[in-house]
Amino acid sequence: MGEYIAILIGSSLISNVVLSQFLGLCPFLGVSKKTETATGMGVAVIFVITISSFVTGVIYKFLLLPLGISYLQTIVFILIIAALVQFVEMFLKKYVVSLYNSLGVYLPLITTNCAVLGVALTNVQKDYSIGKGVANGFATAVGFTISIILLAGLREKMEYNNIPKPLQGMPHVLLTAGLMAIAFCGFSGISF
Amino acid sequence: MNKPVERLYNGILKENPTFVLTLGMCPTLAVTTSAINGLGMGLSTMVVLALSNLLIAALRNFIPNRVRIPAFIVIVASFVTVTQLLLQGFVPVLYESLGIYIPLIVVNCIILGRAESYASKNPMIPSLFDGIGMGLGFTMALTMIGLVREILGSGQAFGFRILPDSYVPISIFIMAPGAFFVLATLTAIQNKIKIEGEKKGKDMSKIQSGCMSDCASCGDTGCAHRFYDENAKPGPVGKADAKADTAAKTVETVSEGKEETK
């Protein structure tokens, strides 16, 4: 149990996926203008990463390892993830229309989100069991959601600030993200 | 200028993936803690980019348009796996320090973007040189960013101490927040050049924020494509309505800007 708690806190806060590993930077910077859309993106990411870390974990343990072809992991994982995202999208569109209406637009954007592949590869690298892999995926995605919602909140407050013209837009957002990264460095004091 | 030279020039200066198009930011920020790491990452990406461009261009008349994205992904992922195994075997130090970012070359926007916008519509030789040019541009940018961060953050360049001992390194520059600050400065300079160029009435539309301004714009560069494209026309990729090589049409405004960025 203790190990699971360590994974949950470690992956969501201490080594935050965006602010210290730079994975999933595109949606982090692109979809953080409003808190509502940021929340939608965050929930979609939690959904996809949790499912994909389960599926890739199962495939790795029961297909790639027994056949001795674990070196094919990158190719297999990226195809599984891309197909999975499309499949989830079709499934939601057909059977869970309300969820599709709120998450649908974000799903195609996640296909090549490097955080999804990053989690699958980290699970293999750290030799996590399937349960721990899912916990790691869930925690990573929660970390992503926390940071994107925080950034969106800050951006909403700063939207009408008077700042020099070249700094408007991305540079300004990146500076904010840098300050957030400093704040998140504080979590590295927590150790298990 | 003949085609290969034009493609190299285009990739390194006119459409530099990092400084002009602002693509592939995840690896750019993550591995540029030192100049050597930036160089290693850039060269690995260049190899993958050049080889996958070559193969995609060779197969462009056989890949059905509807499943082109999965086909491109398989090709790119195969070359990434080959590169990863070679690095693990011959340059284990670099392999250790780049870690998970080597397999993540697969999802680098630059690679799928070039496959989609250039290699799938052009013959093999120009595509190969397009990949090499873009890869060199990326390598150069990563090495430069790595160098700046290494000098500021540890007073070293390529592992050799170059600043006097009285210089106290600003170690935050080799940590995660420093990456954001360096990129913020870079985009600010980019904005400045763009604003001034527009004042003079030049076409600066090539300078863009890549994936960063709005995720919807990723569609053009290959980031946000659907796995199976229902709306695509059936038939081979190369025969789909090929866009003219936009690079040739753009005004040579960017090369001026590059001097200031350096």
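How each quantity is defined
Residues numbered from 1 in each chain as written. Chains lettered and ligands numbered in written order. Predicted model: local features only at pLDDT ≥ 70, side-chain atom pairs only at ≥ 80, totals over all residues. Heavy atoms only, no water. Helix = DSSP H or I, 4+ residues; strand = E, 2+ residues; numbered from the N terminus. Buried < 20%, exposed > 50% of the residue type's maximum accessible area, 1.4 Å probe, protein only. Contact = heavy atoms within 4.5 Å. Salt bridge = Lys/Arg side-chain N within 4 Å of Asp/Glu carboxyl O. Axes fitted to C-alpha atoms, helices over the stretch in contact; angles between N-to-C directions. Parallel < 35°, antiparallel > 145°, perpendicular 65-115°, else oblique. Nonpolar A, V, L, I, M, F, W, Y, C, P; charged D, E, K, R; others polar. Buried area = accessible area lost by both parts, 1.4 Å probe. Polar contact = N/O pair within 3.5 Å; in protein donor to acceptor, adjacent residues only side chain to side chain. Patch = residues over 30% accessible without salt bridge, like charges linked within 9 Å, V, L, I, M, F, W, Y side chains within 5 Å. Areas by Shrake-Rupley, 256 points an atom, 1.4 Å probe, with all protein chains shown as cover. Expected span 1.5 Å × (residues − 1). Bend = angle between axes of the 7 residues up to and from the residue. Left-handed = near helix turned anticlockwise from the far one by under 90°.

All right, on to the overall build of chain B then. Broken down by element type, chain B carries 11 helices and two strands. Along chain B, helices (α) and strands (β) appear in the sequence α-α-α-α-α-α-α-β-β-α-α-α-α when read from the amino end. The 262 residues of chain B split such that 56% are buried. A fraction of 77% describes how many contacts in chain B between residues 6 or more apart in sequence connect residues 24 or more apart.

Attention shifts here to the pattern of salt bridges. Residue and element names in this part refer to chain B. As enumerated under the stated definition, the model contains eight salt bridges over all chains in all. Here Arg 114 and Glu 15 are joined by a salt bridge, their closest N and O atoms 3.9 Å apart. Placement of the pair is Arg 114 in helix 6 (residues 109–119) and Glu 15 in the loop between helix 1 (3–14) and helix 2 (25–31), with a sequence separation of 99 residues. Taken individually, Arg 114 and Glu 15 each receive the classification buried, so the pair is uniform in this respect. A salt bridge links Arg 114 to Asp 130, with the shortest nitrogen-to-oxygen separation between them at 3.0 Å. Highlighted residues: Arg 114 in helix 6 and Asp 130 in helix 7 (residues 124–154), separated in sequence by 16 residues. Each member of the pair, Arg 114 as well as Asp 130, carries the same accessibility label: buried. Overlapping salt bridges bring together Glu 6, Arg 7, Glu 15, Arg 114 and Asp 130 as one network.

Our focus in this paragraph is the packing of helix 9 (residues 170–185) of chain A against helix 8 (residues 176–199) of chain B. Where helix 9 of chain A contacts helix 8 of chain B, the axes come no closer than 8 Å and their chain directions differ by 170°. Viewed along their axes, helix 9 of chain A and helix 8 of chain B adopt a mutual orientation that is roughly antiparallel. Packed against helix 9 of chain A, whose contacting residues are Met170(A), Pro171(A), Leu174(A), Leu175(A), Ala177(A), Gly178(A), Leu179(A), Ala181(A), Ile182(A) and Cys185(A), the element helix 8 of chain B presents Pro177(B), Phe180(B), Phe181(B), Leu183(B), Ala184(B), Thr187(B), Ala188(B) and Asn191(B) at the interface. When grouped by side-chain class, the residues that make up the contact of helix 9 of chain A with helix 8 of chain B number 15 nonpolar, three polar and no charged.

All names here are of chain A. Checked against the element boundaries, Asn 123 lands in helix 7 (residues 114–125). Residue class for Asn 123 comes out buried when judged on its relative accessible area of 8%. Those residues in contact with Asn 123 that lie beyond four places of it in its chain are Ser 53, Tyr 128, Gly 133 and Asn 136.

Quick look at unusual backbone geometry now. For Asp127(A), which is not glycine, the phi dihedral falls at a positive 60°. Its place among the elements puts Asp127(A) in the loop between helix 7 and helix 8 (130–158). By relative accessible area, which is 61% here, Asp127(A) ends up exposed. Phi angles above zero are rare outside glycine, and Phe158(B) is one such case at about 50°. The topology assignment puts Phe158(B) in the loop between strand 1 (156–157) and strand 2 (160–161).

Across the boundary between the two partners, chain A contributes 48 residues, which contact 44 residues of chain B. Each partner contributes to the roughly 4000 Å² buried at the junction of chain A and chain B, and carbon and sulfur atoms together form 77% of this total. The interface formed by chain A and chain B includes zero salt bridges. Put simply, chain A and chain B have three residue pairs in polar contact (both at pLDDT 80 or more) between them. Looking at the side of chain A that touches chain B, the elements with two or more residues in it are helix 2 (25–30), helix 4 (73–95), helix 6 (107–110), helix 7 and helix 9 of chain A. When residues of the side of chain A that touches chain B are assigned to their parent elements, the largest contribution, 10 residues, is made by helix 9 of chain A. A per-class count over the side of chain A that touches chain B returns 32 nonpolar, 13 polar and three charged.

Taken together, the side chains of Ile36(B), Leu39(B), Leu43(B), Phe158(B), Phe160(B) and Ile162(B) define a hydrophobic patch exposed on the protein surface, amounting to about 550 Å² of accessible area. Element by element, the count of residues in the nonpolar patch is highest for helix 3 (residues 35–58) of chain B, at three residues.

Here we take up helix 3 (residues 35–67) of chain A. Residues and elements named next belong to chain A. End to end, helix 3 covers 46 Å across 33 residues, agreeing with the expected 48 Å (1.5 Å per residue, within 8%). Bending of helix 3 peaks at approximately 40° at the position of Tyr 60. Within two residues after helix 3, Gly 68 carries a phi angle of roughly 70°, on the positive side.

Here the focus is the packing of helix 4 (residues 68–90) of chain B against helix 6 of chain B. Residue and element names in this part refer to chain B. Running from N to C, helix 4 and helix 6 point in directions that differ by 130°, and their axes come no closer than 11 Å. Classified by the interaxial angle, the pair formed by helix 4 and helix 6 is oblique. Both helix 4 and helix 6 take part in a crossing whose hand is right-handed. Here helix 4 contributes Arg 68, Ile 69, Phe 72, Ile 73 and Val 76 to the contact with helix 6, which in turn contributes Ile 111, Leu 112, Ala 115 and Glu 116. For the contact of helix 4 with helix 6, the per-class residue count stands at seven nonpolar, no polar and two charged.

Moving on: the environment of Phe47(A). Residues and elements named next belong to chain A. By the element assignment, Phe 47 lies in helix 3. Look at Phe 47 and you get partly exposed, because its relative accessible area is 29%. Residues Phe 47 and Val 142, 95 residues apart in the sequence, show an inter-C-alpha distance of 10.0 Å. Apart from residues lying up to four places away in sequence, Phe 47 is in contact with Val 88, Leu 92 and Leu 99.

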